[in-house]
Each structure stands twice: as C-alpha cells, then as structure tokens.
Amino acid sequence: MAHVTGTALLAAFVVGCSADTGTGGSAADGKPGETSVAAAAPGKYRTLPEPCGAVATSTLKDLLPGAAELSEEQQQKVYEGTAAVTYNTDRRVGCNWKSEDPSSSHTLSIDFERVVSYDPAVSDDDRAREVYTKKETSAGLTSPSGSPDSADGGKDGSTDGSKSDSTKGTKSDPPADSDPASHALTTPASTSASEGGSTGATADEHTDGNTGDTTDDDTGSSAENLQPRVLDDLGDSAFLDDLLTRAGSTAQHRTVSVVFRTSNVIVTVEYTEQPAVSTVVPDSKELQEKAQAVARNLVDKFSE
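A brief report on the enclosed structure follows. Note that the structure is predicted; figures quoted are calculated from it, not measured.

**Overview of the state of the cysteines**
Evaluated as defined, the whole model comprises 1 disulfide. Between Cys 52 and Cys 95 runs a disulfide, and the two sulfur atoms are separated by 2.1 Å. For the disulfide bridge between Cys 52 and Cys 95, the dihedral angle about the S-S bond is near 100 degrees, and by the sign convention the bridge is right-handed. Of this pair, Cys 52 sits in the loop between helix H1 (2-29) and helix H2 (57-63) while Cys 95 sits in strand E2 (residues 92-100); the two residues are 43 residues apart in sequence, bridging distant segments of the chain. With respect to class, Cys 52 is no different from Cys 95; both count as buried.

Below, the structure written as structure tokens:
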C-alpha cells in the first residue's frame, strides 16, 4: 500500500513540473518591457554585373583611340579588357582597358563594390551610404547638407545653385598641398608625398589650363564647372574628381574619376590620359565628359 502511494505521488510531481515548464517557457519568450527589433531591409542588388562586358565596344573605341591602329586580333584583345583581381567576386569586381599610340596612352577602369551590412539594425543601403561618404570626403568634397544623398532631394532644381557653389569652394584649395595618398581613387601609387612641390605646381597648371580654355566664351563659369564636384544627376549620389599629376620629369597625366552609389552598390569609373610629350596637358573637359558618359551608361545597366 505504501509503495502504491509513493508511486502516485511521484507521478503527480512529474505532471506538475511539466505544466510549470510550459508556463515558464511562455513567460520567458515575452519578457515585460522587451521589444523585438526587425532586421533592416537587404540591399536591392544581390549580384554584380560582369565588369569587362559592362562597357559597349563602340564606347571603348571612342575612349581608346590607339587601338584603331592595331590588327583586328589585337583590337579584340584590347576591347576584352583585363579583369581586376579580387578576393570575392560576389562583393567586388572590376575591369581595365588600355591603349597606346605615338601621341598618348589612355586607360579606362571600372570598379563595382556591393556593400553588405552585417549589423541587422543597419540596412545595406545605409552601410553603402557610409562607405560612399568616406570616398567623397577623401576626395576633398563635402555635400552641402553634410549628407551626400541630399543630391536626391536637389534633383528638382531647388538646391542646384547652392550645391554647386558649396562643392567648388570646398575643393578649390586643398589639392595644392594635400597628401597625394589621400586621393586613393586618382593618385598613382608611384606618386610620393615628397613631391608636394610638384603636386602644387600641377594643381596650378590644372586650374590655369581650364580657365584659359573657357574664360573667353563664358566668363569663367565653365572653368569652375570643371573643378572636382558633387554631381546631382547620377545614381543616388555621385561626385567627380580630376587630378593632374607629374612624376619627376616624365609626361604629366590626368585622371578623371566618377564615383556614384546606386542602392547598395558603389561604382567607380577612372579615365586617364598621358600624352607622350611632357609639355602637353590633357584636356580636362573632354576626359570629364567621357568619364561621365560611361558612368551614366552603367547607371542604366544597373537599372535594367
């Protein structure tokens, strides 16, 4: 009899514990005062385009005039481009093209970077905006409102004037005495900080050359428009950088960079011309127009 009673009590204890466990688990799942945080939205782009096929052959023929003198087989090789070496092609890809002729050499490079946020509270777009802002700042530019995406709100024309004036004023002085290494997008690795004097000289040449080319026609306004600046009509946010560099006694070369963000992808276009003669200064306006044309075509490609 005592044995039966002990067994019954043990069974009742087990049932009671089971019931308590269910209730306790329910209470633990919804602790008072706690709210669940929804994960930030993923970026629009999950993959990247094939970079060496992103620029049309007709465009490459215009940007790489030296290739026209080559055999058909050599031309094809030039237009195929050379893929950039990256560690993760799902996150970053690029391509380079180069042509040479007796008078000059031209190089085009594009870089696609897909930004992914590993913080569930920060969206891919917001993280890409942070990365873009660092690039803009390193180029010596600052958007008028402190946020490069203010360009989105300015597309109605209400802030075009203030944006243009602000960005030009921000960039007008620093190139002459800034460290070339700070312009990672445009400064060749061979340029050393010890060439600060020559950097200042080339910055003067850059400004004077542009002013001389355009002041007679439109009182210098176009010359100002050729300065490094934020671009209003390219992707979600964009800027243009223009750097004239001389390495020692060799010919000077000009590199125009256009960087833009579309959602969680940052695209960089670099177009460089180096004349064979050291006294020849590459035309800033022509290089800027061509680099911007490539960038606009890439924006369209991402929109497809």
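**Quick notes on the pattern of salt bridges**
Evaluation of the coordinates by the stated rule reveals 11 salt bridges. A salt bridge links Asp 233 to Arg 296, with the shortest nitrogen-to-oxygen separation between them at 3.7 Å. A residue pair is termed long-range when its members are at least 10 positions apart, and Asp 233 in the loop between strand E4 (229-231) and strand E5 (237-245) and Arg 296 in helix H9 (residues 284-303) qualify at 63 residues. Taken together, the salt bridges that share partners define one network made up of Asp 62, Glu 286 and Lys 290.

**Looking at the packing of aromatic side chains**
Scanning all chains against the criterion turns up 3 aromatic pairs. For the pair Phe 112 and Phe 302, a centre-to-centre distance of 5.4 Å together with 80 degrees between the ring planes defines the contact as edge-to-face. Highlighted residues: Phe 112 in strand E3 (residues 104-114) and Phe 302 in helix H9, separated in sequence by 190 residues. For the pair formed by Phe 112 and Phe 302, the shared burial category is buried. Both rings, one in Tyr 132 and one in Phe 239, keep their centres 5.8 Å apart while their planes meet at 55 degrees; by these two values the pair is tilted. One end of the pair, Tyr 132, is in helix H4 (residues 124-138); the other, Phe 239, is in strand E5, and 107 residues separate them in sequence.

**Section: helix H3 (residues 72-80)**
Turning to H3, its buried residues number three or more, namely Gln 75, Val 78 and Tyr 79. Along the axis of H3, the buried positions cluster into a sector of 95 degrees, meaning they face one direction only. Turned more than 90 degrees from where H3 packs its buried face, Glu 73 and Lys 77 sit exposed. The elements touched by buried residues of H3 are H2 and E2. Once H3 finishes, Gly 81 follows within two positions and takes phi at roughly 75 degrees, a positive value.

About the criteria used
Residues numbered from 1 in each chain as written. Predicted model: local features only at pLDDT ≥ 70, side-chain atom pairs only at ≥ 80, totals over all residues. Heavy atoms only, no water. Disulfide = S-S within 2.5 Å. Helix = DSSP H or I, 4+ residues; strand = E, 2+ residues; numbered from the N terminus. Buried < 20%, exposed > 50% of the residue type's maximum accessible area, 1.4 Å probe, protein only. Salt bridge = Lys/Arg side-chain N within 4 Å of Asp/Glu carboxyl O. Phe/Tyr/Trp six-rings, centres within 6.5 Å; stacked < 30°, edge-to-face > 60°. Arc of directions from axis to C-beta. Contact = heavy atoms within 4.5 Å.

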